[in-house]
Amino acid sequence: MSARRSLEGQVAVVTGAARGVGELLARKLSARGAKVALVGLEPEALKEVSERLHTDSDHWYADVTDHEAMARVAQEVKQRFGKVDIVVANAGVAAGGPFADSDPDAWRRVIEVNLIGGAVTARAFLPVLMESRGYFLQIASLAAITPAPMMSAYCASKSGVEAFAHCLRAEVGYKGVKVGVGYLSWTDTDMVRGADQDEVMRELRQRLPWPSNRTYPLGPAVDRIVAGIERRSAHVYAQWWLRGMQGVRGYLPGIISTVGQREMKRFEPRLASVSKGLVGAGGAADEQERTPSH
C-alpha cells in the first residue's frame, strides 16, 4: 500500500460537485488543504459549495460530455490555480427499469454522462496532469463488478469506465500520471434516494444478498475515497467489503442470471410502473439542462 501524501497546496478538480459524493469530497479535500475546482451543471449549487470550502476554490459550469467546454475548463483551472494535481471524474446519472421498455434517450444519456463524460474529462485534463505528474480517479461502482437486471445502462456505463481507467493507467503511467478506479456500493446520495422512490426498484434492491442490500452512509465512504486519493491508489473501495468482490466477480454473471430471471418473473406484473427517466436531483438537473427553453 502506498504511503499517504499531504494534500496541502494540491489542486483538485471534482466533477459532479453540486451534491452527494462530489460535494462532500470537495469539502473533505479542502479540509485537508487542497484547493478545489468544482465542475457541474448547477452553477448556483456549485457556487454555494465553493463558498463553504476552507481553502481557495472556484466553480465552472460545464457538461462533462462536451469536449470543447471541458478543454476550456481545464485551461481556465490551470490559469486560475497554476496547476492541476488531482482530477476526480465523479459526475454521473442513473436510470432503472427493463431495457426493452426503457426510454432510449434516458438510457443513452446514462452512457454519455458516465462513460463518455469520464473519458472527455480525462482527455481534457491529461495535459495538465502530465505536467504535474498527477492523479486521475474515475468513480465507478459495484455495478462495474456485478451486472444486475433493471440497471443495464448504469452497469454498462460503469463497466465501461472501469475498463477505460485500466487502459488509461497502462498508457500514461510511464509519464508519471497515476490512474485509479473508485468503487461504491449503494451510498446515501440523492441518486440512490431517487431510485428508492420507485417501489419496485426499492423492493428489488432489498432482496439483494447482504451486504449489497444496504444503503451505506456517505461520510465514511468519502473518507475512504480521500484516503485513496492521498495514496494515489489504483483501486479505491468506498465500502470495506467491495475489495473482496474482485476475487469472485468471474462467478457473478452466472449466479445473477439465474437469480435475476426468478426475480424478474416475480415482479413482472409490476414492471410497467417503473419510472423511465433519470433518477434523483442530479438526474432532474441533467434533464432540465437538455430541455429547450421556450
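That block above? That's the structure.
Sequence order sets the numbering: in each chain, residues are counted from 1 along the sequence as written. The predicted origin of the model limits local features to residues at a pLDDT of at least 70 and limits the giving and counting of side-chain atom pairs to 80 or more, whereas totals for whole chains, interfaces and linings rest on all residues. With hydrogens and water set aside, each side-chain value is computed from the structure's full complement of heavy atoms.

Looking at the pairing of strand 1 (residues 11-15)
Thought 1: Residue exposure (1.4 Å probe, protein chains only): buried if accessible area is under 20% of the type maximum, exposed if over 50%, otherwise partly exposed. Helix and strand labels come from DSSP, where a helix needs a run of H or I of at least four residues and a strand needs a run of E of at least two; each type is numbered from the N terminus. Among the five residues that make up strand 1, five are buried, leaving the element largely enclosed by the rest of the structure.
Thought 2: Alternating positions in strand 1 separate into two faces, V11, V13 and T15 on one and A12 and V14 on the other, with burial throughout.
Thought 3: Criterion used throughout: strands pair if DSSP finds at least two bridges between them. Sheet analysis places strand 1 next to strand 2 (residues 35-40), joined by five bridges and oriented parallel. Note that in strand 2 the partner of V11 across the bridge is K35.

Remarks on helix 4 (residues 104-132)
Thought 1: Taking 1.5 Å as the rise per residue, helix 4 with 29 residues should run 42 Å; its terminal C-alpha atoms sit 40 Å apart, in good agreement.
Thought 2: Here the bend at a residue means the angle between the axes of two seven-residue stretches, the one that ends at it and the one that starts at it. The sharpest bend along helix 4 comes to roughly 50°, located at L126, with the proline P127 sitting one to four residues further on.
Thought 3: Downstream of helix 4 by a residue or two, R133 has a phi angle that is positive, lying close to 55°. By this rule the span expected of a helix is its residue count minus one, scaled by 1.5 Å.

Here's the deal with the sheet that holds strand 4 (residues 86-89)
Thought 1: Taken in spatial order, the seven strands line up as 3-2-1-4-5-6-7 in an open sheet, and their pairing is parallel. On the outer flanks of this sheet lie strand 3 (57-61) and strand 7 (235-237), each paired with one strand and no other. Direction aside, the axes of adjacent strands within the sheet are offset by 20° on average.
Thought 2: Here strand 1 runs beside strand 4; their pairing, made up of three bridges, is parallel. Each residue of the ladder has a partner; that of V14, found in strand 4, is V88.
Thought 3: Along the sheet, helix 5 (residues 152-172) makes contact with strand 5 (135-139), strand 6 (178-183) and strand 7, crossing strand 6 at roughly 160°.
Thought 4: Contacts are assigned to residue pairs that have any heavy atoms within 4.5 Å of one another. Axis angles are defined between N-to-C directions and span 0 to 180 degrees, where every axis is a line fitted to C-alpha atoms and, for a helix, only to the segment in contact. Along the sheet, helix 8 (residues 218-231) contacts strand 4, strand 5 and strand 7; its crossing angle with strand 5, the most-contacted strand, is approximately 150°.

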